[in-house]
Every structure is written in structure tokens, then in C-alpha cells.
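Breakdown of the fold
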Amino acid sequence: MSSTRVLVLNSGSSSVKYQLIDMRDGERLAAGLVERIGERTSRLRHTLVAAGDTREQEGPIADHEAALKAVAAELGRDGLGLDSPELAAIGHRVVHGGEFFSEPTLIDENVLTEIERLIPVAPLHNPANLTGIRTAQALRPDLPQVAVFDTAFHTTMPESAARYAIDPKIADRYRIRRYGFHGTSHAYVSRETARLLGRAPGDVNVIVLHLGNGASASAVRGGRCVDTSMGLTPLEGLVMGTRSGDMDPAVIFHLMRVGGMSADEIDTLLNKRSGLFGLCGDNDMREIRRRVDEDDEQAGLAFDIYIHRLKKYIGAYYAVLGRVDAVAFTAGVGENSAPVREAAVAGLEGLGLAVDGGLNAVRGDGARLISPAGARVAVAVVPTDEEMEIATQTYALVNESGNPDLT
Ligand SMILES: Nc1ncnc2c1ncn2[C@@H]1O[C@H](COP(=O)(O)OP(=O)(O)O)[C@@H](O)[C@H]1O
Ligand SMILES: CC(=O)OP(=O)(O)O
Ligand SMILES: [Mg+2]
């Protein structure tokens, strides 16, 4: 039997998203999400796509290993289990690939060791990614497993954007540089934006705003990333759900010296208890907007800080690119929050940027323009699809490496 299916696992800090895709035609067979892993209220939502049949279960799922086993069991109930001979490979999102991995990579022990070594610079993500890989390997030891790295798309950044202004000897010794993340999404969305404009990716300059729980911006010139807002770790840049983004690094020394906090306490503060959540107690943009509409001052200030930072990055990347053809909004907030999109470009008419209120308010599934007809710069909503991109790269790699099963 020919093996043409790819299972994609996107293990986040407290969630696992997955999709089973048939690569002959890109058909999604199954998709799902395990949320709130490690809490008592974990939830697994599994959809058998063609039948439109969704099953949900609630109850504690202790860790990522248990989550993946629960996913495997759900797939098995639909006859799509990991034991299926039609499965060609498993593709894993791996957040930090350091400076070594600029391409999708077949996973072996050396690759696992390197991903493990990068845990200190992706403490929320790489451990979950590793558990996902090891659990999948235990379930199907014979199957190729491929790592697709968030950092890969950003390896084209020039040194002027990738380096911090510190002593290069120290930077090199500790491998301190700006790696950038969400690269699979920035790559996919910049390409889809070019397609929406009816132009070749090589001819188009795009600012991509990936606004999910984690959030990052990138400047993409002719299909290549030239700058991005996340750095050594996914903490730098935009205001996020629970992360502070940019800050004077001296805040950390101040908290140590004057606040008596340890490095670990500050790490937790800035990664898990800051951003929108730290500012107003909510990290979900829907809830924040509801509170803003009720004139809640704390939520209003959190929203304003979020938008102010976003606007600064749009301006910065406009300057980096020199000529901008499109600004693309993507991920949970970017795809769904019309108020965020409207506020982010408000007042930027001088840069040729504007949003048409009517178009912006329309809810839709596909990529769409929201700028007024004839605008100098296109503003677009472009849904990301990290899972499809990971599946495509995974399948291409296992085919290239001549897996005899794939005929
Ligand atoms: N309808 C909506 N309106 C505004 N924000 C939304 C909506 N739906 C989802 N979001 C936001 O999207 C975020 C999740 O985005 P997502 O890209 O799935 O993030 P992640 O991959 O980091 O989990 C939520 O925290 C929420 O703030
Ligand atoms: C790198 C990163 O921030 O990922 P996520 O948005 O999934 O947390
Ligand atoms: Mg995401």
C-alpha cells in the first residue's frame, strides 16, 4: 500500500495541535487540539474532517506524553491510527533550531541532542516538542520523523539584523543572536499574500504580523526574511498574551537588586505573567475587547499598549524594507480581531496604509484584502496554516531521501 499521509504535531507549552493530511491532494482527514495539558480541566477536541464529526472529552491529561497517547487513541477509533501503513511520516514543529537547522531535518539521536541543548533558550517550547517526538518514536519506531523549525525561515536575516550590539566574542561563545520564531507561519503567509496580490513572491515586500498567543512581526523582501521581532528567545518584540516583549534589559537588574527576585522568578514573570495577562488579568483578545467595550480602564490600557507596540513595528519594518507592497495580519488575533487590525493601521495613511471599515468587519475563512480599493499598500487578512506547511516540507523531505515505502 502506498504511504501518502503525514501526521503533523504542533506541541506547544500547554497544548498539542495535530492534523492528519493526505499529501496526494492535501485533504485533511483528521484534526484536533489538546488544551490545558497538566491542568484538571484538560480538553481534547478531535474532528474527523470529511464527516464533519467532532468528539470532545474533558478530564485531566497530565503531560504531553499522555496527550499524544490520547490523540493516537482518538485517531485509532477512526481507523486512522499511528499503526496505519498509509502513514508516510510524522512532522513535528520544533520551535528553536539554533543556528544549525535552516532546513526541515530527519530526526535522529544527534538532532534530538541538539534540540535538547537549546532548551534554555526555548524553555516553554522545546521540552514539549521533544516529548512529542519521543512519544511518537515509541509508538512508531520505524517511521521517519521530521523536525520543521520555527527559526529556519529567519536564517536569511543579514548580520545587521541578527546581531545584538554586544561584544561579538561573548555573543559567539554563548551563541547569542536573534534567531526569530514562527518562521513556518511567516514563510507561508508571505507566500500566500503574494498569491493574493497575483504576484510572484520574489517581487513582493511584505510585513507579516503573526498575532497569536505568542506574537511576532517580520519584514520579508522578495520571499526572504530580512528582520523579525523575536530574538534569542520568543520573549523579544511585540506585546503577547503572557510575554512582555521589548523592555529595557536593565529592568531585570533592577528587579534582582531592588526587588530581590531570582533569575528564574523574573523569567517566569516576563514569560508567563506579563503581556496582556500581566497588564489586565486576561490574555484572550476577545475578553479584552469585551471589557474595553464596557469602558474597563485596565483592559483599555492593555489594548493601547499592545497596539502602540504593533504600530512601532509596522513603522520600523516599513523603514527596513523601503518599499512595502502589503501588510498581512495572521494567527488567532490577526485573523479574527477587526478592532486590532483597525487600530494598528489607524493614522498611518501617510505611509499609504488604511483599512476599509466594511471589508475589515467581514468575517471570512480565506485570504482577503481589507484595504480600500486602489490603496498604495495592500492590507490583508491571510490565515496561517503551519500544519499544512509542516506536512508539505515533511513529505518533500521523506520523498527526497528516497524512502522505499513511498511509491
Ligand atoms: N474571535 C476572536 N477575536 C479576537 N481574538 C481571538 C479570536 N479567536 C481567537 N483569538 C485570539 O487568538 C489567540 C490564540 O491564537 P493562536 O494563533 O491559536 O495562538 P497559539 O498558536 O499561540 O496558541 C487567543 O488567545 C485569542 O486571544
Ligand atoms: C515561538 C512561539 O512564541 O510560539 P507560540 O506562539 O506557539 O507560543
Ligand atoms: Mg501558534
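About the thresholds
- The residue numbering used here restarts from 1 in each chain and proceeds along that chain's sequence as written.
- Chain labels run from A onward and ligand labels from 1 onward, assigned in the order the entries are written.
- Residue-level local features of this predicted model are given only where pLDDT is at least 70; pairs of side-chain atoms are given and counted only at 80 or more, and the full residue set underlies all totals for whole chains, interfaces and linings.
- By convention in this description, side-chain values take in all heavy atoms of the structure and omit both hydrogens and water.
- Only runs of H or I of at least four residues qualify as helices and only runs of E of at least two qualify as strands under DSSP, and these elements are numbered from the N terminus.
- Within these notes, the globule rule equals 2.2 Å times the number of residues to the 0.38 power, and the radius of gyration is based on C-alpha atoms.
- Relative accessibility under 20% of the residue-type maximum defines a buried residue, over 50% an exposed one, and the middle range a partly exposed one, all with a 1.4 Å probe and only protein chains included.
- The contact criterion used is simple: two residues touch if any of their non-hydrogen atoms lie within 4.5 Å.
- None of His or the chain ends enter the tally, which takes Lys and Arg as positive and Asp and Glu as negative.
- Charge positions are represented by NZ for Lys, CZ for Arg, CG for Asp and CD for Glu.
- A pair of strands is considered paired only if DSSP assigns at least 2 bridges between the two.
- All axes here are fitted lines through C-alpha atoms, helices being fitted over the stretch that makes contact, and every angle between N-to-C directions spans 0 to 180 degrees.
- The nearness test applies per residue and asks whether one of its heavy atoms lies within 4 Å of the molecule or strand.
- Pairs of N or O atoms within 3.5 Å make up the polar contacts considered here, provided that, within protein, one atom can donate a hydrogen while the other can accept it, and that residues adjacent in sequence are counted only when both atoms are side-chain atoms.
- The protein chains shown are the only cover counted for residues, whose accessible areas, like all others here, come from Shrake-Rupley with a 1.4 Å probe.
- Gly falls in the polar group here, along with every residue not listed as nonpolar (Ala, Val, Leu, Ile, Met, Phe, Trp, Tyr, Cys, Pro) or charged (Asp, Glu, Lys, Arg).
- Note: domain ranges come from an automatic or database domain assignment.
- UniProt positions are given in the numbering used here, feature names are shortened, and annotations may be inferred rather than shown by experiment.
- With a 1 Å grid spanning the protein atoms alone, the term cavity applies to any set of points in which a 1.4 Å probe fits but cannot get out, the term pocket to an open set with protein on both sides within 12 Å along at least five of seven lines, and the term lining residue to any residue with an atom within 4 Å of a point.
- Grid points are joined across faces, edges and corners, and a volume is the space filled by probe spheres set on the points.
- In this description, buried area is defined as the sum, over both parts, of the accessible area (probe of 1.4 Å) that is lost when the two are combined.
- Each patch is built from residues lacking any salt bridge and having more than 30% relative accessible area; the joining distance is 9 Å for like charges and 5 Å for nonpolar side chains (Val, Leu, Ile, Met, Phe, Trp, Tyr).
- Salt-bridge detection follows one rule: a side-chain nitrogen of Lys or Arg within 4 Å of a carboxyl oxygen of Asp or Glu.

**Thoughts on the overall build of the protein**
Along its length, the protein carries 15 helices and 14 strands. For a compact globule of 407 residues, the expected C-alpha radius of gyration is about 22 Å, and the protein comes in at 21 Å, within 12% of that figure. Within the span of the protein, comprising 407 residues, buried residues form 53% of the whole. Sequence-distant contacts, at least 24 apart, represent 63% of the contacts inside the protein between residues at least 6 apart. Positive and negative charge centroids in the protein, built from 42 and 55 side chains respectively, lie 3 Å apart.

**Remarks on the sheet that holds strand β11 (residues 224-228)**
One open sheet holds the six strands; their spatial order is β11-β10-β9-β12-β14-β13, and the pairing between them is mixed. Both outer strands of the open sheet, β11 and β13 (368-369), are each paired with one neighbouring strand and no more. For strand β9 (residues 205-211) and strand β12 (residues 326-330), the ladder comprises five bridges, and the chain directions are parallel. Counted as the bridge partner of Val206 is Ala326 from β12. On top of the sheet, helix α11 (residues 297-321) reaches β9, β10 (215-221) and β11; it is set at about 160 degrees to β9, its chief contact.

**Considering the site of ligand 2**
In the vicinity of ligand 2, the contacting residues are Arg93, Val95, His125, Asp150, Phe181, His182, Gly214, Met230, Pro234 and Arg243. Note that an oxygen atom of ligand 2 is positioned 2.7 Å from one of the side-chain N or O atoms of His182. Coverage of ligand 2 by the protein chains reaches 85% of its 260 Å² of free accessible surface. Its residues placed into classes, the shell around ligand 2 shows four nonpolar, three polar and three charged. When residues of the shell around ligand 2 are assigned to domains, at least three fall in each of domain 1 (5-149) and domain 2 (201-386).

**Some remarks on the UniProt feature "site: Transition state stabilizer" (unreviewed entry) in the protein**
The UniProt feature table records "site: Transition state stabilizer" (unreviewed entry) at His182 and Arg243. Among the residues just listed, Arg243 line the second largest pocket. Within the secondary structure, His182 is located in the loop between α5 (168-173) and α6 (183-197). Looking at His182, the relative accessible area reads 8%, which means it is buried. Those residues within four positions of His182 in sequence are excluded, and the remaining contacts are Arg93, Asp150, His154, His210, Gly214, Ala215, Ser216 and Met230. In this fold, Arg243 is placed in the loop between β11 and α7 (250-257). Since its relative accessible area comes to 9%, Arg243 is described here as buried. Among all residues touching Arg243, those that are not within four sequence positions of it are Leu124, His125, Gly214, Met230, Pro234, Leu235, Leu238, Leu270, Asn271, Ser274 and Gly275.

**Concerning the side chain of Arg291**
Along the chain, Arg291 falls in helix α10 (residues 285-293). Taking relative accessible area as the criterion, Arg291 reaches 11% and is therefore assigned buried. Discounting chain neighbours no more than four positions away, the residues touching Arg291 are Cys280, Asp282, Asp296, Gln298 and Ala299.

**Structural notes on empty space enclosed by the protein**
Considering all chains together, one arrives at one cavity of 30 Å³ or more under this definition. For the largest cavity, the calculated volume is near 40 Å³. Around the largest cavity sit Arg5, Leu20, Leu75, Leu80, Gly81, Leu82, Ser84, Glu86 and Leu87, which together line it. Broken down by class, the residue content of the lining of the largest cavity amounts to five nonpolar, two polar and two charged.

**Looking at the sheet that holds strand β5 (residues 53-58)**
Pairing is mixed across the open sheet formed by eight strands, whose spatial order is β5-β4-β3-β2-β1-β6-β8-β7. Among the strands making up the open sheet, the edge pair consists of β5 and β7 (105-106).

**Focus on the domain arrangement of the protein**
By domain assignment, the protein separates into domain 1 (5-149) and domain 2 (201-386). Each of domain 1 and domain 2 has a C-alpha centre, and these two points are 27 Å apart. The interface of domain 1 with domain 2 comprises eight residues on the first partner and eight residues on the second. Buried area between domain 1 and domain 2, summed over both chains or domains, comes out near 660 Å², and the portion from carbon and sulfur atoms is 54%. In terms of surface lost to domain 2, no three residues of domain 1 exceed Val121, Leu124 and His125, which account for 53% of the buried area on that side.

**A closer look at a nonpolar patch on the surface**
Side chains of Ile166, Ile170 and Tyr174 sit close together on the surface and give an oily, nonpolar patch of about 290 Å² of accessible area. Turning to its location among the elements, Ile170 is positioned in helix α5. Relative accessible area serves as the criterion here: at 38%, Ile170 is assigned to the partly exposed category.

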